[in-house]
Each structure stands twice: as structure tokens, then as C-alpha cells.
Amino acid sequence: MSTLPRTKLAIIGAGAVGTALAYAALIRGSAREVALFDVATEKVEAEVLDLAHGTQFTGSSTIIGGDDIGVVAGADVIVITAGAKQQPGQTRLDLAGANIAILKTVLPRLLEQAPDAVYVLVTNPCDVLTVAARQISGLPAHRVFSSGTVLDTSRLRWLISQKAGVSTSSVHATIVGEHGDSEFPLWSSATIGLVPIRDWTVEGRQLFTWEYLEQLTDQVVNAAYTVIRGKGATNYAIGLSGARIVEAILRHEDAVLPVSSVLDDYAGISGVALSVPTVVGGNGIERVLEVPVNGRELGLLRDSAETLRHSLAGLGF
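Keep in mind that this is a model prediction, so the values were computed, not measured. (Residues numbered from 1 in each chain as written. Predicted model: local features only at pLDDT ≥ 70, side-chain atom pairs only at ≥ 80, totals over all residues. Heavy atoms only, no water.)

Overview of the pairing of strand 3 (residues 62-66)
Inspection of the sheet shows strand 2 (residues 33-37) paired to strand 3 by five bridges, in the parallel sense. Bridge pairing in strand 3 places Glu 33 opposite Thr 62. Chirality of the crossover, the property in question, places the unit of strand 2, helix 2 (residues 41-52) and strand 3 among those that are right-handed. (Pairing = 2+ DSSP bridges. Helix = DSSP H or I, 4+ residues; strand = E, 2+ residues; numbered from the N terminus. Right-handed = clockwise from strand over helix to strand, strands pointing away.)

Right under this line is the structure:
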């Protein structure tokens with residue numbers, strides 16, 4: 001693993017998600033320098049100026065940006081958030097064609113400026129775009145992946161913590177599969193502290209019945225649609241989860257996160273990008289973890305893979 005300091009984060013897209021990520025990264029000190037790029041000159045310049053005005057209160061992090069692709073030069077991590085906006089009632093997969101076209105335009109230019117960067121996709125449908133980005137860029141799997149179900153997992157853990165009355169950090173449960181309608185939780189390994197979730201009781205009463213767990217799954221799967229319906233976009237939570245992934249890379253953390261990468265014979269699945277527990281560190285993906293799953297969960301993972309394989313085939317991948 002490289003020991004050189006890696007301190008520059010570049011964000012592509014100054015929309016709701018890109019600016020939320022830049023804001024989160026500055027506040028959290030995720031990177032020493034944050035660069036924000038967008039083709040919309042007035043918009044990106046205004047966003048950079050607004051963020052820069054607050055850097056007195058953000059420690060040592062700085063912000064630059066503009067409509068010149070050169071602002072990303074030498075970046076250690078590039079997070080791509082640019083893309084068509086998901087509309088109410090529209091699935092993430094509906095966005096695929098338009099956003100692949102954007103990748104074909106921007107990725108070669110980014111590689112010229114930052115050939116050694118780790119590339120993280122946040123634009124939806126992120127699993128489909130991860131496969132497309134690998135083919136367009138020619139980068140190895142460990143250097144191009146997506147935020148996957150990191151946010152979905154956070155949503156799940158928050159819901160469980162609210163029900164159980166414990167800290168979110170004490171909940172150990174993970175969403176895997178597609179970042180979309182076919183994602184699902186690994187209930188067989190979910191715990192609160194060291195207690196299996198199905199064994200968690202309050203005054204002798206089982207809180208997490210199978211019926212309630214199904215309700216939780218539905219809430220997580222539909223969470224983004226609920227937020228989009230109410231405010232037009234999801235941005236704050238994905239900005240924070242994106243910053244968390246960046247930190248794992250820049251700080252060489254080797255943190256286990258459910259990011260999405262192109263799999264190679266994972267439980268018999270190859271050629272599609274799915275979220276599974278993954279060690280994320282200085283090289284990007286350090287290791288994809290094969291975790292215990294029961295027969296039902298293995299079937300759901302393969303179903304999720306087929307959903308994405310069908311979408312990729314329709315797009316010529």
C-alpha cells in the first residue's frame with residue numbers, strides 16, 4: 001500500500017449532491033483541498049465562493065473550483081456526482097442512458113488531469129455506471145467503484161436504532177445488492193451490540209419480528225423516493241456518506257463499507273457491480289469480503305445481479 005499523503009478531493013458536479021459533499025468534506029476535514037468542477041460557470045463559481053466564505057470555521061481545508069477541468073489536476077480521489085436528476089416516480093435505472101453519455105464525455109478528460117486517482121461514482125444508477133466507467137476508463141476494479149449501499153445501510157441502522165433505543169453505532173446491519181429496488185438487508189448476520197437482531201427484546205417482548213423486519217426493508221428501499229417527493233432531491237445524507245468513503249481512502253483506513261464494485265466470481269456472480277462488505281483504503285478497494293449468507297439471501301443477491309445484468313444488456317454493456 002502506498003504511504004504517500006493523498007490530500008486532494010475533486011468533486012464533479014455542483015448540484016445538490018456535489019455541493020452537499022463539498023460542504024460535508026470541508027466541515028469534517030475529509031481532505032486538505034476540495035476542488036469542485038461543473039460546466040455551469042456561474043453556478044459553480046457561486047457555490048465555491050459561498051463555501052470559501054466559511055472556511056475560517058472549517059480548519060485547514062480549502063476549496064477551489066470552476067468550469068476549467070484543470071481544477072481537478074492531481075486529485076487523489078475524484079467523486080462523480082454529475083448527472084440527470086431523478087424525478088418523482090422515476091427509478092434510478094431510468095437515468096442510465098443519459099448518465100452514461102455524461103461519463104463518456106467527462107471520464108477521458110478526468111483521466112488526463114488525474115491519472116492516478118481513485119474514482120468514486122455517486123451518480124445514479126451507480127451500479128450500472130460503475131460497469132460503464134470501468135469499460136470507458138480501462139481502470140482496474142479497485143480504482144473505480146461507487147458509493148453503493150453505504151447510505152442505504154446508514155438508513156437501515158438509523159431505523160433500527162430508533163426502534164431499539166440504542167446508538168446507531170451499536171447497530172451492525174448491512175444492505176447489499178443493487179443500490180435500488182432489489183437491495184436487501186443481511187438479517188442473518190444483523191446484530192445490536194452482540195445480540196442477534198431477532199433475539200433483541202424489551203421487557204421480554206421481541207421487537208424485531210419478521211413482519212417488522214419486512215417493514216424496515218420497505219422503508220429503506222423507498223426512502224429516497226419519499227425524500228424526493230417532499231423536497232425534490234436527496235443530498236445531505238449522500239453528501240455525508242460520500243465524505244465518509246473519501247476519508248477511508250485518503251486516510252488509508254481499511255474500513256469495511258458496502259461500496260459497489262464490479263464482482264469477479266463472488267458467490268458465482270461476475271461482471272456486474274453490486275454492493276457487498278468491502279475493505280476500503282488507500283488503494284481504493286483493498287479486498288471484497290465474502291460474508292456468510294443463508295440460502296434466501298444468496299438467492300436475493302443473485303436476483304439483484306440479474307436485474308442489473310438485464311439493464312446492462314439493454315444499454316449495450
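Re the sheet that holds strand 7 (residues 171-172)
Across a sheet, paired strands are connected by hydrogen bonds in the backbone, their directions being either parallel or antiparallel. Read across the sheet, three strands follow the order 7-10-11 without closing on themselves; strand pairing throughout is antiparallel. Looking along the sheet, the strands with just one partner apiece sit at the ends: strand 7 and strand 11 (195-196). The pairing of strand 10 (residues 191-192) with strand 11 spans two bridges and is classified as antiparallel. The residue bridging Thr 191 from the neighbouring strand is Pro 196, located in strand 11.

Points about the nonpolar core
The biggest cluster of nonpolar side chains holds 43 residues, and the ones touching the most others in it are Ile 78, Leu 110 and Tyr 119. Looking at this core, the elements with two or more residues in it are strand 1 (8-12), strand 2, strand 4 (77-80), helix 3 (96-113), strand 5 (118-121), helix 4 (126-137), strand 16 (273-275) and helix 9 (295-314). At seven residues, the largest contribution of residues to this core is made by helix 3. Dropping the residues within four chain positions of it, Leu 110 is found in contact with Ile 12, Ile 69, Val 72, Ile 78, Ile 80 and Tyr 119. Of all hydrophobic cores here, the second largest spans 36 residues; its members include Ala 24, Ala 25, Leu 51 and Val 280. (Core = buried A, V, L, I, M, F, W, Y, C linked by side-chain atoms within 4.5 Å. Buried < 20%, exposed > 50% of the residue type's maximum accessible area, 1.4 Å probe, protein only. Contact = heavy atoms within 4.5 Å.)

Some details on the side chain of Thr 58
The topology assignment puts Thr 58 in the loop between helix 2 and strand 3. For Thr 58, the side chain forms a polar contact with the main-chain oxygen of Thr 55, separated by 3.2 Å. For Thr 58, the residues in contact, after removing those within four places along its chain, are Leu 26 and Ile 27. (Polar contact = N/O pair within 3.5 Å; in protein donor to acceptor, adjacent residues only side chain to side chain.)

Some remarks on the sheet that holds strand 14 (residues 255-257)
Strand order in the open sheet made by the three strands is 14-17-18, with antiparallel pairing throughout. The open sheet has two edge strands, strand 14 and strand 18 (284-288), and neither has a second partner. Ignoring which end each strand starts from, the neighbouring axes of this sheet average 40° apart. As judged from the four bridges shared by strand 17 (residues 278-281) and strand 18, these two strands associate in the antiparallel manner. Bridging from a neighbouring strand, Val 280 pairs with Ile 285 of strand 18. With respect to the sheet, helix 8 (residues 236-250) is in contact with strand 14 and strand 17, its orientation differing from that of strand 17 by roughly 70°. (Axes fitted to C-alpha atoms, helices over the stretch in contact; angles between N-to-C directions.)

Observations regarding unusual backbone geometry
Cis geometry is adopted by the peptide bond preceding Pro 125, which originates at Asn 124 and carries an omega value of -5°. Tracing the backbone through its elements, the reader meets Pro 125 in the loop between strand 5 and helix 4. Unlike most non-glycine residues, His 252 shows phi in positive territory, near 50°. Checked against the element boundaries, His 252 lands in the loop between helix 8 and strand 14. What makes His 252 partly exposed here is its relative accessible area of 23%. A positive phi angle is found at Ala 267, which is not glycine, with a value near 55°.

Remarks on helix 2
The end-to-end C-alpha separation of helix 2 is 16 Å, in line with the 16 Å expected for 12 residues at 1.5 Å each. All of the buried residues along helix 2 are Val 44, Glu 47, Val 48 and Leu 51. Looking straight down helix 2, one finds its buried side chains confined to an arc of 95°; they lie on one side. Exposed and oriented more than 90 degrees from the buried face of helix 2 are Glu 42 and Asp 50. Elements in contact with the buried residues of helix 2: helix 1 (16-28), strand 2 and strand 3. (Expected span 1.5 Å × (residues − 1). Arc of directions from axis to C-beta.)

Topic: a negative patch on the surface
On the surface, Glu 42, Glu 45, Asp 67 and Asp 68 cluster together into a patch of negative charge. Within the element layout of this structure, Asp 68 appears in the loop between strand 3 and strand 4. On the basis of relative accessible area, Asp 68 is assigned to the partly exposed category, the value being 48%. (Patch = residues over 30% accessible without salt bridge, like charges linked within 9 Å, V, L, I, M, F, W, Y side chains within 5 Å. Areas by Shrake-Rupley, 256 points an atom, 1.4 Å probe, with all protein chains shown as cover. Salt bridge = Lys/Arg side-chain N within 4 Å of Asp/Glu carboxyl O. Lys, Arg positive; Asp, Glu negative; His and termini not counted. Charge placed at Lys NZ, Arg CZ, Asp CG, Glu CD.)

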